[in-house]
Amino acid sequence: MSPTIAVITFGIIFLAELPDKTALASLVLGTRYRAGYVFAGIAAAFAVHVALAVAAGSLLALLPHRWVEGVVSLLFLGGAAMLLLQRDGDEDEHAAKEPSSTGFWKVAGSGFLLVLVAEFGDLTQITTANLAARYSDPLAVAVGSWLALCAVAAVAIVGGQKLMKHVPLRVITRVAAVVMLVMAGFSIVEAVRG
């Protein structure tokens, strides 16, 4: 496992996930229920999503290199466009459903189901698949992606409101979009060079 690939993946996924609806849902659940219960459910759902994304990216990596780089660059460009065109009120569409009890299984299960549904086919899952296709180290991509997703959830659960007071969501979104544009540029260069 390459630590460099894991760190690159962590940075990209962390920035892409910060302005995401799951961070907001984590914040909401974390303010109402025990943080550890919420985090356990969300982390388990992220593990499922990362495994699916890395498997899809590994299959994509079996295609010829030039084709893979072309597809990856288009997906990164699409991801940047999604971030730049995102409406400020998009997070409100995915309100967290409250569990009927505050026990571990109810709270963790609610967090798990919320993330499992909300993140399926999401930008960070697609980005993780792209990174798995780009680099030939699925374990490093999986570890970096999962840790980044869990870090964002932890930040949101514990101190999301404080972060938003100091760094506007729009700035976070723009930084993530710029990173995706840079990754798209690298992929286009690789596709052209063959």
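To keep things clear, this report deals only with the structure shown in the data block. Note that the structure is a prediction, hence the values are computed from the model and not measured.

## Thoughts on the nonpolar core
Counting 27 residues, the largest nonpolar core has V38, I42, F46, V54, L131 and V141 as the members making the most contacts within it. Where this core is concerned, the elements lending two or more residues are α1 (3-17), α2 (21-32), α3 (35-60), α5 (104-118), α6 (123-134) and α7 (138-166). With near-sequence residues (within four places) excluded, V38 lies in contact with S26, L29, G30, Y33, V107 and I157. Membership of the second largest hydrophobic core comes to five residues, among which are L18, A23, V152 and A156.

## Structural notes on a nonpolar patch on the surface
A contiguous nonpolar patch, built from L74, L77, L84, L85, L181, I188 and V192 and spanning about 670 Å² of accessible area, is present on the exposed surface. Secondary structure elements with two or more residues in the nonpolar patch: α4 (65-85) and α8 (169-193). With four residues, the single largest contributor to the nonpolar patch is α4. Along the chain, the position of L77 falls in helix α4.

## What to know about the packing of aromatic side chains
Two measures describe an aromatic ring pair: the distance that separates the ring centres and the angle between the ring planes. The tally for this structure, following the rule as stated, stands at three aromatic pairs. Taking 5.2 Å as the distance between ring centres and 90 degrees as the angle between the ring planes, the aromatic pair formed by Y37 and F104 counts as edge-to-face. In this pair, Y37 is assigned in helix α3 and F104 in helix α5, connecting sequence segments 67 residues apart. Three or more aromatic residues link up through ring pairs in this structure, and these residues are Y37, F104 and W105.

What counts, and at which threshold
Residues numbered from 1 in each chain as written. Predicted model: local features only at pLDDT ≥ 70, side-chain atom pairs only at ≥ 80, totals over all residues. Heavy atoms only, no water. Core = buried A, V, L, I, M, F, W, Y, C linked by side-chain atoms within 4.5 Å. Buried < 20%, exposed > 50% of the residue type's maximum accessible area, 1.4 Å probe, protein only. Helix = DSSP H or I, 4+ residues; strand = E, 2+ residues; numbered from the N terminus. Contact = heavy atoms within 4.5 Å. Patch = residues over 30% accessible without salt bridge, like charges linked within 9 Å, V, L, I, M, F, W, Y side chains within 5 Å. Areas by Shrake-Rupley, 256 points an atom, 1.4 Å probe, with all protein chains shown as cover. Salt bridge = Lys/Arg side-chain N within 4 Å of Asp/Glu carboxyl O. Phe/Tyr/Trp six-rings, centres within 6.5 Å; stacked < 30°, edge-to-face > 60°.

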